[in-house]
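# Per-entry structural report
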Amino acid sequence: MPPSIPSHPAWKFTPIPASAETSVGDFRRYPGCRLLLCCGACSWSKHYNPERVIDRLRELRAGGYATRLVDAARKVGWNCPACSRMRWRMQFAWPPGLSPQDVQRLANRYRN
């Protein structure tokens, strides 16, 4: 039997400090990062691929690369599955197991 994997292991993610003006398109500055959607009321969270979020915003004609993280969090249209509130916040975070060497390798790969 495979070991049980927690459904939302966001507590293992390392948040990346950012300002209020940070946009979704700034994910390129942090190679390998994920977009972390967190509930401000109960701290439930889920991670997303920033490129897919941008594609979805463009598809809905609700934004794109220049959409601020604050505005993207306001566009989430569903309640938190844990507490049923809508106090969303977004931030970039490093996934668990991503070492500084991996970040440098990804940066070099994107640059070249």
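Just so you know, these numbers come straight off a predicted model, no measurement behind them.

Cut-off values and rules
- Residues numbered from 1 in each chain as written.
- Predicted model: local features only at pLDDT ≥ 70, side-chain atom pairs only at ≥ 80, totals over all residues.
- Heavy atoms only, no water.
- Helix = DSSP H or I, 4+ residues; strand = E, 2+ residues; numbered from the N terminus.
- Buried < 20%, exposed > 50% of the residue type's maximum accessible area, 1.4 Å probe, protein only.
- Contact = heavy atoms within 4.5 Å.
- Areas by Shrake-Rupley, 256 points an atom, 1.4 Å probe, with all protein chains shown as cover.
- Pairing = 2+ DSSP bridges.
- Core = buried A, V, L, I, M, F, W, Y, C linked by side-chain atoms within 4.5 Å.
- Arc of directions from axis to C-beta.
- Polar contact = N/O pair within 3.5 Å; in protein donor to acceptor, adjacent residues only side chain to side chain.
- Phe/Tyr/Trp six-rings, centres within 6.5 Å; stacked < 30°, edge-to-face > 60°.

## Comments concerning the overall build of the chain
- Broken down by element type, the chain carries three helices and four strands.
- Reading the chain from its N terminus to its C terminus gives the helix and strand order β-β-β-α-α-β-α.
- Residue burial in the chain is summarised as follows: out of 112 residues, 33% are buried.
- Taking contacts inside the chain between residues at least 6 apart in sequence as the whole, the part at least 24 apart equals 64%.
- Accessible surface, the chain: about 7600 Å² in total, of which carbon and sulfur atoms supply 50%.

## Considerations on the sheet that holds strand E3 (residues 45-48)
- In space, the four strands of this open sheet follow the order E1-E4-E2-E3, with antiparallel pairing throughout. The outermost strands of the open sheet, each flanked by one partner alone, are strand E1 (14-15) and E3.
- Of the strand pairs in this sheet, strand E2 (residues 34-39) and E3 are connected by four bridges, and their pairing is antiparallel. In the sheet register, leucine 35 faces E3, and the bridge partner there is tyrosine 48.

## Describing unusual backbone geometry
- In the Ramachandran plot, serine 43 falls in the positive-phi region, its phi being about 70 degrees despite a non-glycine side chain.
- Examined against the element boundaries, serine 43 turns out to sit in the loop between E2 and E3.
- A residue is classified by how much of its surface remains accessible, and serine 43, at 54% relative accessible area, is exposed.
- Here serine 84, not a glycine, exhibits a phi torsion of approximately 65 degrees, which is positive.
- Counting through the fold element by element, serine 84 comes out in the loop between helix H2 (69-74) and strand E4 (88-94).

## Thoughts on the nonpolar core
- Core analysis: the largest hydrophobic core is formed by 20 residues, its most contacted members being Val24, Cys33, Leu35, Leu69, Trp88, Met90 and Phe92.
- Of all the elements in the fold, those that place two or more residues in this core are E2, helix H1 (50-59), H2 and E4.
- For valine 24, the contacting residues outside a window of four places in its chain are Leu35, Pro50, Val53, Ile54, Gly64, Tyr65, Thr67, Arg68, Leu69, Ala72 and Phe92.

## Remarks on H1
- Within H1, the full set of buried residues consists of Pro50, Val53, Ile54 and Leu57. Along the axis of H1, the buried positions cluster into a sector of 100 degrees, meaning they face one direction only. Exposed residues lying more than 90 degrees from the buried face of H1 are Arg52 and Glu59.
- Contact partners of the buried residues in H1: E2 and E3.
- The N-cap of H1, judged by a side-chain oxygen 3.1 Å from the amide nitrogen of glutamate 51 a few residues on, is asparagine 49.
- Following H1 by one or two positions, arginine 61 has its phi on the positive side, about 55 degrees.

## Points about the packing of aromatic side chains
- Scanning the entire structure with this criterion turns up five aromatic pairs.
- Their ring planes at 85 degrees and their centres at 6.0 Å tell us that tryptophan 44 and tryptophan 78 sit as a pair that is edge-to-face. Here tryptophan 44 is found in the loop between E2 and E3, whereas its partner tryptophan 78 is found in the loop between H2 and E4, with 34 residues between them in sequence.
- We classify tryptophan 78 as partly exposed; its relative accessible area is 34%.
- Ring-pair connections join several aromatic residues into one group, and the members of that group are Tyr30, Phe92 and Trp94.

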